[in-house]
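# Structural overview
So the chains spell out like this:
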Amino acid sequence: MRRRTGEAVPPRMAERLLEWAAPRGRTGQSVVGDAREEFSAHLRSGSAVPPSLWYWLHVLPIVVHGIFLGLGASPGALPRVLGGAVRDGRLALRTLSRSPGASSAVIATLALGIAGSTVAFSIVNAALLVPPSYAEPDELVGIYRFRTDVPRGFPDAFVASQSYSVPPITFRDWQDEARSFEAMGAFEGVTYSYSTPDGPVRLAGVNATSGAFRAFGVDAELGRTLLPEEDEIGGPRVAVLGAGFWERVLSSDPGILGKALPLNGVPHVVVGVMPSGFSFPYAGVDVWAPLPDDRRGWPTRSGGFLQTVGRLADGVTMEEAQEEMTTLHARLAAEHGGERDSTARLYSWRELQVAGSRPGILLLLSAAGLVLLISCANIANLLLVRALERDRELAIRTALGAGRRRIAAQLISEALVLALLGGGVAVIAAAAILVPLVSTLPFALPNAAGVGIDPTVLTFALLVSCAAGLATGLAPAWRTWRSRTGSLLRDAGSEGTRSRAQSVFAVGEVALAFVLLSGALLSLKSFLDVTSADPGFETEDRLAMRVELPRGDRDDGAAVALFYNELTDRLAARPGVSAAGSASQMPYSGGVSFPPASVETRDGEEATNLHNSSVTAGYFDAAGIGLVRGRPLTPEDRAGTLPVAVVNETLARAFWPDEDPLGRRLRLDLPGDSVWRTVVGVVEDVRYGFGWTPFPEFYTTIAQRPLWYQTVLVHSTDDSGATAQAMREAVWSSSTSIPVEVTTWDGLIRRSSGFTSARFASRAMAVLATLAALLAVVGVYGVVAFTVRRRRHEFGVRVALGGSQPGILLSVLTRGLRLASAGILIGLVVVLATGRFLDPTLFRSGTRDPATLTVVALLLMVTGLAASALPAFRATRIDPVRALNSE
């Protein structure tokens, strides 16, 4: 079903909270009705304050006041309630101003926790909650084709969006016969070269069908999008430009429509410019164009390169569309051999876009939430101590007629005022932090430009502040609520007043700090393990450049192979160059794909999907990939000779365990390339992405499988700048229209989304864990210091009777160690119980890493001991005469 568009109504959650707090009957109806009228009046006023934020600010004081003081039964209760809330706030401010130092410490501590949560939520909001720029995103789905015999079953959304695709014939069958979709389109990511006065540049492009634009439902800012007739073979060569490219390169030329731009050396008539912020299928696309004829005319159902997007028709659910596509593809599989053992699967388009970054940013939000909980426990402890010290004042107020509900409400009001002040400081701090933080965000983060303090984030900060105020004020309020007047008067100022809640809060802080520190150290260890793991290739002194031949030079396979062989030979002959080679799919630069393939085994042919790269003979030396068995590919493996292949160790183990792979055969099941290749060598495994495990793959020579796109790799100990310039000149000596960007291979790895995401997560977790540990130290210190103050008379007596200072020191230190030990034990149980949620994000070792957990436990034990040291030293300096006289 289509999602209902937003209406000018109060936030439902806030309204339900108000209904719950208001009494039943006419009084409650009056309060809720008055709030709705006030909301409508605010809308009509045209105020700049967001309506949802205004309503929450309006409702929360009423809710708190209603819970603890009740609401009047007469009409017009709302103004009186608001007036009472204002009076409570003023009284709280006067009370807190009497101890500015303690109040400032509370505000700063709360601001620390709220700021961390606000920053984390702003990232979550931009990446996961802000609606995309296209209409009704919940109606968009991605449609993928899978082999039903894949051992791991259906992959998750992230793997699907990265690795699985559809051939054009299958897409056209889906488009013609499926009735569950209002529109369906297909696309593939490409690059285009475009010549500028400063030389050729590479543009991020997408070849798409017109149905893709109809599915997204976004009109062009200028002109139009693609038309159905432009999907046909022989259709006109047109282009739709991205707003960024139009502004950056073409200076926002308003007369661009109808002009021809040379893309890959072929003129494309500009028919439209998309609005700013439109991101299909990802952000930063410079140009969209129809599929070229050779891609539209792909002759078979084997393999595939298109991704498919569809918009559900009115009244059609995801489940209904999935059922139709499963049935439709089953019929296609029965009718066409190329669809054997395959099926179709639907994914939410929004899920596809955020699948890669969701775990990391939710982990960050959870960690920030734990820091906030520790802050609240810390403040609750401090407020509880203040309440104990104010027992005499509260007892006198009770004796003079103030009800326990009234006093409890006042204590909560003070906590709310502190929390709101802390929230205000937190928002200011978060706004300042986000500016430098955005520049360090992972490249894979969706809508990174949208990270900031918007009304939704402000509302979140307000709610968190109010929740923190309630949470920190409940302990002293509950204690006052339960106490009788006599007990308050009797215990006021007495050293016998005890509070187990203080110890509970301190233990909870240590436990949460243990969880956060464990997560941070495990994430850091995982990051270091990945960076130190053998990737299977060498990166030092390696320069890489992506080269894609112009469209007019791609059809002649022999010429393509000759171009890349001569290019790498010229580079290898340069002084200072140890080796040069190229590969169609190189780790961290060329992408991955798994076309259908067949492998000869002892039991016959086995159908599978294999990664493949077409390389020049010098690639293995240039990349530092070691030979395990047999021989490498050589220049003698030319077209017309025996088709050969070199496989990696993973493929050899998977299909020929305990057998000699040399002499075995395999093939790609692709049109025009379905030839058996004999295995002549085995090389070491390589990792194609940060934290990835090796997968089965094989290599062929570019002469026997020519591909027009290659990443050229040069191993040189010469000056990197001179080598990079030589690489550019070597390409431009053949064609000046080819854009060239040279980078270090190590730089490619460090710019990869996996590396930046892991680095960002480990750093953020480390910062949050450090804050948590510091707050836990403050919490343990506060409890031990209060214990020393409470036992001041006892210590004085012990000293007067000849007690030793080491005994007193040990007694106080033992108190801190017991708190730390209890928190560590609870935290350990939590980590072991919830570790399965973090395990998938860790490399090699999971959360059950004894060494890391032991280090965290020792670290917190030492910090607990350090937090107890100052109060323990003060205990040994107590003057027994003063201590006894103060009793």
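These notes cover the structure that comes with them. It should be emphasised that the depicted structure is a prediction, and the values quoted were computed from it without experimental measurement.

Attention shifts here to the overall build of the protein. Across its full length, the protein holds 28 helices and 22 strands. Among the 887 residues that make up the protein, the fraction classed as buried is 51%. Sequence separation of at least 24 residues holds for 79% of the intrachain contacts in the protein that already meet a minimum separation of 6. Put simply, the protein shows about 38900 Å² of open surface, and 58% of that area lies on carbon and sulfur atoms.

Turning to a negative patch on the surface, a few remarks are in order. Taken together, the side chains of Asp534, Glu538, Glu540, Asp541 and Glu684 make up a negatively charged region of the molecular surface. Relative to the assigned elements, glutamate 538 resides in the loop between helix H18 (500-532) and strand S11 (542-548).

Attention shifts here to the nonpolar core. Nonpolar side chains tend to gather and get buried jointly when the protein is soluble and globular. Residues Ile123, Leu364, Phe514, Leu516 and Leu860 are the most contacted members of the largest nonpolar core, which totals 47 residues. Looking at this core, the elements that each hand over two or more residues are helix H5 (100-129), helix H13 (358-389), helix H15 (404-438), H18, helix H24 (753-790), helix H26 (805-838) and helix H27 (850-876). Those residues within four positions of leucine 364 in sequence are excluded, and the remaining contacts are Ala120, Ile123, Phe760, Ala764 and Leu768.

Turning next to the packing of helix H19 (residues 557-572) against helix H22 (residues 720-732). For the pair H19 and H22, the least separation of the axes is 10 Å and the interaxial angle reads 145°. Once H19 is placed against H22, the crossing between them reads as right-handed. Listed contacts from H22 to Leu567, Arg570 and Leu571 of H19 are Ala726, Met727, Ala730 and Val731. Counted by class, the contact of H19 with H22 contains six nonpolar, no polar and one charged residues.

Quick look at unusual backbone geometry now. In this model, phenylalanine 280 is joined to proline 281 through a cis peptide bond whose omega is -10°. Turning to its location among the elements, proline 281 is positioned in the loop between strand S7 (266-273) and strand S8 (287-289). Positive phi values are uncommon outside glycine, yet serine 251 reaches one of about 55°. Examined against the element boundaries, serine 251 turns out to sit in the loop between helix H9 (243-248) and strand S6 (260-263). Given the relative accessible area of 58%, serine 251 is considered exposed. Positive phi outside glycine occurs at aspartate 658, with the angle close to 60°. Counting through the fold element by element, aspartate 658 comes out in the loop between helix H21 (649-655) and strand S18 (665-668). On the accessibility criterion, aspartate 658 (86% relative accessible area) is exposed.

What follows deals with the pattern of salt bridges. Side-chain pairing between opposite charges can occur once the charged atoms of the two side chains come close. Scanning the model with the defined rule gives 17 salt bridges in all. Arginine 296 is the salt-bridge partner of aspartate 293, the closest N and O atoms lying 2.8 Å from each other. Placement of both aspartate 293 and arginine 296 in helix H10 (residues 293-296) is noted, with a separation of three residues, approximately one turn of the helix. In this structure aspartate 293 comes out as partly exposed when scored by relative accessible area, which is 34%. For arginine 296, a relative accessible area of 8% translates into the label buried. Ionic contacts of the salt-bridge type, sharing partners, join the residues Glu177, Arg331 and Glu335 into one network.

What follows deals with the environment of alanine 220. For alanine 220, the location among the structural elements is in the loop between helix H8 (210-216) and strand S4 (222-223). Linking alanine 220 and serine 276, residues 56 residues apart in sequence, is a C-alpha distance of 9.9 Å. Those residues in contact with alanine 220, other than ones at most four positions away along the chain, are Thr225, Val273, Met274 and Pro275.

By convention here, two paired aromatic rings are described through the distance between centres and the angle between planes. The tally for this structure, following the rule as stated, stands at 21 aromatic pairs. Seen in terms of ring centroids, phenylalanine 213 and phenylalanine 280 are 6.0 Å apart; in terms of plane orientation they differ by 80°. Their pairing is edge-to-face. With phenylalanine 213 in helix H8 and phenylalanine 280 in the loop between S7 and S8, the pair connects residues that are 67 residues apart, well separated along the chain. The two residues phenylalanine 213 and phenylalanine 280 agree in class, both being buried. Members of the aromatic cluster, joined through ring pairs, are Phe187, Phe213, Phe216, Phe278, Phe280, Trp288 and Trp349. When the ring centre of phenylalanine 305 is taken as origin, the NZ or CZ atom of arginine 295, which lies over that ring, is 3.7 Å away. The residue whose ring lies beneath arginine 554 is tryptophan 708, and the NZ or CZ to ring-centre distance is 3.6 Å.

This part covers the side chain of glutamate 230. Within the fold, glutamate 230 resides in the loop between S4 and strand S5 (238-241). By relative accessible area, which is 3% here, glutamate 230 ends up buried. In this structure the side chain of glutamate 230 is engaged in a polar contact, spanning 2.8 Å, whose partner is the side chain of arginine 224. Residues contacting glutamate 230, with those up to four places away along its chain left out, are Arg224, Pro236, Val238, Pro290 and Arg296.

Rules used throughout
Residues numbered from 1 in each chain as written. Predicted model: local features only at pLDDT ≥ 70, side-chain atom pairs only at ≥ 80, totals over all residues. Heavy atoms only, no water. Helix = DSSP H or I, 4+ residues; strand = E, 2+ residues; numbered from the N terminus. Buried < 20%, exposed > 50% of the residue type's maximum accessible area, 1.4 Å probe, protein only. Contact = heavy atoms within 4.5 Å. Areas by Shrake-Rupley, 256 points an atom, 1.4 Å probe, with all protein chains shown as cover. Patch = residues over 30% accessible without salt bridge, like charges linked within 9 Å, V, L, I, M, F, W, Y side chains within 5 Å. Salt bridge = Lys/Arg side-chain N within 4 Å of Asp/Glu carboxyl O. Lys, Arg positive; Asp, Glu negative; His and termini not counted. Charge placed at Lys NZ, Arg CZ, Asp CG, Glu CD. Core = buried A, V, L, I, M, F, W, Y, C linked by side-chain atoms within 4.5 Å. Axes fitted to C-alpha atoms, helices over the stretch in contact; angles between N-to-C directions. Left-handed = near helix turned anticlockwise from the far one by under 90°. Nonpolar A, V, L, I, M, F, W, Y, C, P; charged D, E, K, R; others polar. Phe/Tyr/Trp six-rings, centres within 6.5 Å; stacked < 30°, edge-to-face > 60°. Lys NZ or Arg CZ within 6 Å of the ring centre and 35° of its normal. Polar contact = N/O pair within 3.5 Å; in protein donor to acceptor, adjacent residues only side chain to side chain.

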